[in-house]
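Each chain is listed here by its residues.
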Amino acid sequence: MARWKPLPGALPERERQLAVQLRRLKDRGGLSFTALAAKTSYSSSSWERYLNGKKPVPREAVEELARVCGADATRLLVLHEAALATASVDRTPHPPPLPATGDARRAGTALLSRREADALPMGHPGGELPPPARSARGGTLAVARSVRGRLVAGALIAAAFGAGLLVGARWLGAGEPAPAATAEYRVGTTYTCEIARHDGRLYAGHSATREVLLTLDSSGWDVVEAQCLLSRHGYPAGKADGLYGAGTRRAVQVFQKDRGLVVDGIVGPDTWGELRR
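The rules behind each value
Note on numbering: residues in each chain are counted from 1, in written sequence order. Totals for whole chains, interfaces and linings use all residues, but because this is a predicted model, local features are given only for residues with pLDDT of at least 70 and pairs of side-chain atoms are given and counted only at 80 or more. Excluded from the side-chain calculations are hydrogens and water; all other atoms, namely the structure's heavy atoms, are used. Helix and strand assignments follow DSSP, with helices taken as H or I runs no shorter than four residues and strands as E runs no shorter than two, numbered in order from the N terminus. Each residue is assigned to one of three classes by its accessible area relative to the maximum for its type, calculated with a 1.4 Å probe on protein chains only: buried under 20%, partly exposed between the two thresholds, exposed over 50%. Neither His nor the chain ends contribute to the count of charged residues, in which Lys and Arg are positive and Asp and Glu negative. Salt bridge, as applied in this entry: a Lys or Arg side-chain nitrogen positioned within 4 Å of an Asp or Glu carboxyl oxygen. Should any heavy atoms of two residues lie within 4.5 Å, those residues are considered in contact. Each residue after the first adds 1.5 Å to the expected span of a helix. Patches draw on residues past 30% relative accessible area with no salt bridge. Two like charges within 9 Å are joined, as are two nonpolar side chains (Val, Leu, Ile, Met, Phe, Trp, Tyr) within 5 Å. Here the open area of atoms and residues is found with the Shrake-Rupley method and a 1.4 Å probe, where only the protein chains shown may cover a residue. For this purpose, a charge sits on NZ of Lys, CZ of Arg, CG of Asp or CD of Glu. Throughout, nonpolar core names a set of buried Ala, Val, Leu, Ile, Met, Phe, Trp, Tyr and Cys residues whose side chains join them through atoms within 4.5 Å. By convention, a stacked pair of Phe, Tyr or Trp rings (six-membered ring in the case of Trp) has centres within 6.5 Å and planes under 30 degrees apart, an edge-to-face pair has planes over 60 apart, and any other such pair is tilted. Only a pair of cysteine sulfur atoms within 2.5 Å counts as a disulfide in this structure description. pLDDT: the predictor's confidence for each residue, scored from 0 to 100.

A. Examining the side chain of Arg16 more closely. Tracing the backbone through its elements, the reader meets Arg16 in helix H1 (residues 13–29). Among buried charged residues, Arg16 stands out as having no salt bridge; its nearest opposite-charge side chain is Glu13, 4.0 Å away. Non-local contacts of Arg16, meaning those with residues more than four positions away in its chain, are made with Leu7, Pro8, Gly9, Leu11, Asp217 and Ser219.

So, in structure tokens, the structure goes:
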């Protein structure tokens, strides 16, 4: 099989994880894009776009790929639902700016407060929303739709991937304080590891997941969290930069061997369970 092209850097993390898993499934099945087109209802060019992160993968395509490769589609469909939810939130356009005059200026200030409050977890002291702001014409600003979208996406991902609260690009475990501002993962940055124990489990402050699958080419906050926890247990994985490369994979394999786990270099629920001990 030809080497895969790197996935787009702007691809949301859940869509990236789904694409990585679908690529692995295609490679295990030994199928080319042409062969996939012959066995499914999608063209070879469509499969090329789906698996290279150029276009969102339809649910039916996930099911068909699992079927022709003889795999269980359940886990892939959970990943697909999470990717779909986060993508719809990330791509929701913000309301246009209001002119800074009279009542509209005051409405703009109230809208800013609502956006800031929307980034805070439910129950946070600063999370109470002010009364709906009104425009110069007296119309109520339509911010409730954005709030509902974030709540639905957060509930879906929490159910699929375990306990934790999504704030911006970061996951926080129960009892962890919310950051002052939402954080965006950036490739090429080395992050600090602030290890703390919450409810008997270790956290490094970057992710609270206990189920997300990490493999070669994975990237993002979940990888930073795994790299920090590996180092905490004495298995240095290099810089905590959120890039799951060969060094991180070797550290995972040694850790898995020492903990009596399946040595596959993939961080899954069992490996997360040991990392958080």
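B. The pattern of salt bridges, seen in detail. All told, the structure shown has nine salt bridges when counted by the stated rule. With a shortest N-O distance of 2.9 Å, Glu48 and Lys54 are connected by a salt bridge. Salt-bridge contacts for Arg277 lead to Glu274; the nearest nitrogen and oxygen are separated by 2.9 Å. Using a relative accessible area of 56% as the deciding quantity, one classes Arg277 as exposed. Taking relative accessible area as the criterion, Glu274 reaches 15% and is therefore assigned buried. One salt-bridge network, in which partners are shared between bridges, spans Arg59, Glu63 and Glu81.

C. Structural detail: helix H8 (residues 221–232). Between its first and last C-alpha, H8 extends 17 Å over twelve residues, near the 16 Å set by a 1.5 Å rise per residue. Most of H8 is tucked away, with ten of its twelve residues classed as buried. Every buried residue belonging to H8 is among Trp221, Asp222, Val223, Val224, Glu225, Ala226, Gln227, Cys228, Leu229 and Leu230, and all of these are buried. At the C-terminal side of H8, Gly234 shows a positive phi close to 90°.

D. A look at the environment of Lys55. Assignment of secondary structure puts Lys55 in the loop between helix H3 (44–51) and helix H4 (59–68). Counting along the chain gives 44 residues from Lys55 to Leu11, while the straight-line C-alpha distance between them is 9.9 Å. Residues contacting Lys55, with those up to four places away along its chain left out, are Arg49 and Tyr50.

E. Structural view of a positive patch on the surface. On the surface, Arg24, Arg28, Arg75 and Arg249 cluster together to form a positively charged patch. Take Arg75: it is sitting in helix H5 (residues 74–90). The class for Arg75 is partly exposed, based on a relative accessible area of 43%.

F. Geometry of the nonpolar core. Membership of the largest hydrophobic core comes to 21 residues, with the highest contact counts inside it found for Leu22, Trp47 and Leu65. The set of elements that each furnish at least two residues to this core consists of H1, H3, H4 and H5. Not counting chain neighbours up to four residues away, the residues in contact with Leu65 comprise Leu22, Leu25, Leu36 and Trp47. Membership of the second largest hydrophobic core comes to 16 residues, among which are Val212, Ala226, Leu229 and Tyr244.

G. Expanded view of the packing of aromatic side chains. Per the stated rule, a full pass over the model turns up eight aromatic pairs. Between Tyr42 and Trp47, the ring centres sit 5.8 Å apart and the planes meet at 70°, which makes this aromatic pair edge-to-face. In this structure, Tyr42 and Trp47 share a single accessibility class: buried. With a centroid separation of 6.0 Å and an interplanar angle of 85°, the aromatic rings of Trp47 and Tyr50 are classed as edge-to-face. Taken together, the positions of Trp47 and Tyr50, both in helix H3 and three residues apart, correspond to about one turn of that helix.

H. The state of the cysteines, seen in detail. Applying the stated criterion to the full structure yields one disulfide. Paired by a disulfide, Cys193 and Cys228 hold their sulfur atoms 2.0 Å apart. Where Cys193 bonds to Cys228 through sulfur, the torsion about that S-S bond is close to -75°, and the disulfide is left-handed. Of this pair, Cys193 sits in the loop between strand E2 (170–172) and strand E3 (196–198) while Cys228 sits in helix H8, and the two are 35 residues apart along the sequence.

I. Focus on the confidence of the model for the chain. Looking at the chain, the pLDDT average stands at 74 and 64% of residues meet or exceed 70. Counting interchain partners and residues more than four positions distant, the pLDDT-below-50 stretch residues 88–144 has 56 contacts. Scored below 50 in pLDDT, residues 157–182 shows 64 contacts in the model against residues more than four places distant or in partner chains.

J. Local environment of the environment of Tyr244. Relative to the helices and strands, Tyr244 is located in the loop between H8 and helix H9 (246–258). Setting aside residues no more than four positions away along its own chain, Tyr244 makes contact with Leu214, Thr215, Leu216, Asp217, Ser218, Val223, Arg249, Val252, Gly265, Ile266 and Val267.

K. View of unusual backbone geometry. Here Asp199, not a glycine, exhibits a phi torsion of approximately 50°, which is positive. If you trace the backbone, Asp199 turns up in the loop between E3 and strand E4 (201–203).

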